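Working through the structure, step by step
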Amino acid sequence: MQKQAKTLKTTDFGSKTAQFKECILPAQSVLILTHDYPDPDCIASAFGISHLCSFWGVPSPVISFGGFVGRAENRAMVRFLDIAMVPFVLIDVKEFEKIILVDSFPGKGNISLPAPVVVDAVIDHHPAPPDGNIRCFQDIRNNIGATSTLITKYLLEAGCPIPSKLATALFYGIKTDTGDMRRDVSSFDLDCYKYLFGLIDHQLLSYIEYPDRDVEFFRLLHRATQSAVSYENLGYIHLGSVSTPDYVAEMADLFHSLEKIEWMISSGIFRNQIFFSIRSKNKNTAGIQAEQLVRLLGGSGGGHGRAAAGRVQILPDETANNKMEHFEIVFKRLFKIEDVQPEKLI
Ligand SMILES: [Mn+2]
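Residues numbered from 1 in each chain as written. Predicted model: local features only at pLDDT ≥ 70, side-chain atom pairs only at ≥ 80, totals over all residues. Heavy atoms only, no water.

1. A look at the overall build of the protein chain
In terms of helices and strands, the protein chain carries 11 helices and 13 strands. For 346 residues, the compact-globule estimate of 2.2 N^0.38 gives 20 Å, and the protein chain sits close to it at 20 Å. For the protein chain, the spread of C-alpha atoms along the three principal axes comes to 60 × 45 × 40 Å. Within the protein chain, the proportion of its 346 residues that are buried is 56%. Averaging the locations of the 35 positively and 40 negatively charged side chains of the protein chain gives two centres separated by 3 Å. (Helix = DSSP H or I, 4+ residues; strand = E, 2+ residues; numbered from the N terminus. Rg over C-alpha atoms; globule rule 2.2 N^0.38 Å. Buried < 20%, exposed > 50% of the residue type's maximum accessible area, 1.4 Å probe, protein only. Lys, Arg positive; Asp, Glu negative; His and termini not counted. Charge placed at Lys NZ, Arg CZ, Asp CG, Glu CD.)

Structure below.
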């Protein structure tokens, strides 16, 4: 049965758009940052804000992120929708008058911006207010399913035309962050999803949703299948070393569809860190569990009710194996399955 979309009373998008404009203009150089290893929602949000800034007369806004785009769908999105992005290592933040952060907030541990650099504006939908320093604008609504929804509202309020490729990006951002309108969704997400559907390039969307995959994907799928175990209704896969942390989230989504599984946890090691993802079908505490996990293990993480993620640092005096053992002990304690024997899932 489809869950009733949450109805929100907040309809202050007009005043928020005006405040945002006042914060940014009359800048001549704008840097738009997403979180590291960007997902479709933050890529689309940055693309939308870049378009809005251009519409307001800012010459050539720059989109940047730490890490890289790993998942095949996301690489196809960037390629087919012509989204220009610059790796953060090539950016000199001093060259920009304004810095805008989308789909994350300062101090969260998943952006590459050094802590002393103050962000001018933040637009996000993750829980918990920011304790980071924000100079002139923030719009953080944890009851909305995707930052792309907020950006769509801003574009509409500003009277800014939404070209087909941008509409396709925003639509895909909303679609993926809400699991196709299945999780953490509000009525605003549904409204924007329907509105954008009329503007998107359906053929390009199809190229993005069904991309060509490299052989590494199938190697990881095999490894995930071999490692999959269940502790009652909690499934767990460990991918070992991965070439991109995106695989951890991707395999979590895929294996979470297994019947009779309520929770799915996946982990993988990338550059001396354990990346993990948590998915839930019916519980609303994935983000809380991720926060507790990193509090106990050291690292950063969080997320939404049904989808969350984090990373745990492997310190110089620790081995990856020891840290993984510790990781497993801690998540079993959190989910109260210490005494449950694992069963092979597949
Ligand atoms: Mn998001």
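Next comes the rest of the write-up.
2. Here's the deal with the domain arrangement of the protein chain
Splitting the protein chain by domain gives domain 1 (13–209) and domain 2 (216–340). Distance between the C-alpha centres of domain 1 and domain 2: 26 Å. Counting residues at the interface gives 18 residues for domain 1, matched by 22 residues for domain 2. Across the interface of domain 1 and domain 2, roughly 1,500 Å² is buried in total on both sides, 45% from carbon and sulfur atoms. Its largest share of buried area at the contact with domain 2, domain 1 owes to Tyr37, Arg71 and Arg183, together 39% of the area lost on that side. Linking domain 1 with domain 2 are four salt bridges, by the criterion used here. Of the charged contacts, one joins Asp36 and Arg311 as a salt bridge, the two residues approaching to 3.4 Å between their closest N and O atoms. Remark: the boundary between domain 1 and domain 2 carries six residue pairs in polar contact (both at pLDDT 80 or more). Split by residue class, the side of domain 1 that touches domain 2 holds five nonpolar, six polar and seven charged. (Domains from an automatic or database assignment. Contact = heavy atoms within 4.5 Å. Buried area = accessible area lost by both parts, 1.4 Å probe. Salt bridge = Lys/Arg side-chain N within 4 Å of Asp/Glu carboxyl O. Polar contact = N/O pair within 3.5 Å; in protein donor to acceptor, adjacent residues only side chain to side chain. Nonpolar A, V, L, I, M, F, W, Y, C, P; charged D, E, K, R; others polar.)

3. Remarks on the state of the cysteines
For the coordinates displayed, the defined rule picks out one disulfide. What pairs with Cys23 in a disulfide is Cys136, and their sulfur atoms sit 1.9 Å apart. Between Cys23 and Cys136, the disulfide has an S-S torsion of 55° and is therefore right-handed. With Cys23 in helix 1 (residues 13–24) and Cys136 in strand 6 (residues 134–140), this residue pair connects regions lying 113 residues apart in the sequence. Its relative accessible area of 38% is what places Cys136 among the partly exposed residues. Just so you know, Cys160 is unpaired, no disulfide at all, and the nearest cysteine sulfur is the one on Cys53, 9.9 Å from it. (Disulfide = S-S within 2.5 Å.)

4. Brief notes about the sheet that holds strand 3 (residues 86–87)
Within a beta sheet, neighbouring strands are joined by backbone hydrogen bonds and run either parallel or antiparallel to one another. Read from one edge to the other, the open sheet built from six strands follows the order 3-2-1-4-5-6, with strand pairing classed as parallel. Of all the strands in the sheet, just strand 3 and strand 6 have a single pairing partner and so form its edges. Pairing analysis gives three bridges linking strand 4 (residues 98–102) to strand 5 (residues 119–124), with the strands arranged parallel. When the bridges of strand 5 are listed, Leu101 appears paired with Val122. Helix 1 rests against strand 1 (30–33), strand 4, strand 5 and strand 6 of the sheet, and its axis sits at about 155° to strand 6. Sheet strands in contact with helix 4 (residues 147–157) are strand 5 and strand 6, and its direction is about 110° off that of strand 5. (Pairing = 2+ DSSP bridges. Axes fitted to C-alpha atoms, helices over the stretch in contact; angles between N-to-C directions.)

5. Examining the nonpolar core
By size, the foremost hydrophobic cluster in this structure holds 55 residues, and its most contacted members are Phe20, Ile49, Met77, Ile83 and Ile100. With residues up to four places along the chain from it excluded, the contact list for Met77 reads Pro40, Ile43, Ala44, Ile83, Ala169, Tyr172 and Ile208. Listed in part, the 26 residues of the second largest apolar core include Ile278, Ala290, Val330 and Leu334. (Core = buried A, V, L, I, M, F, W, Y, C linked by side-chain atoms within 4.5 Å.)

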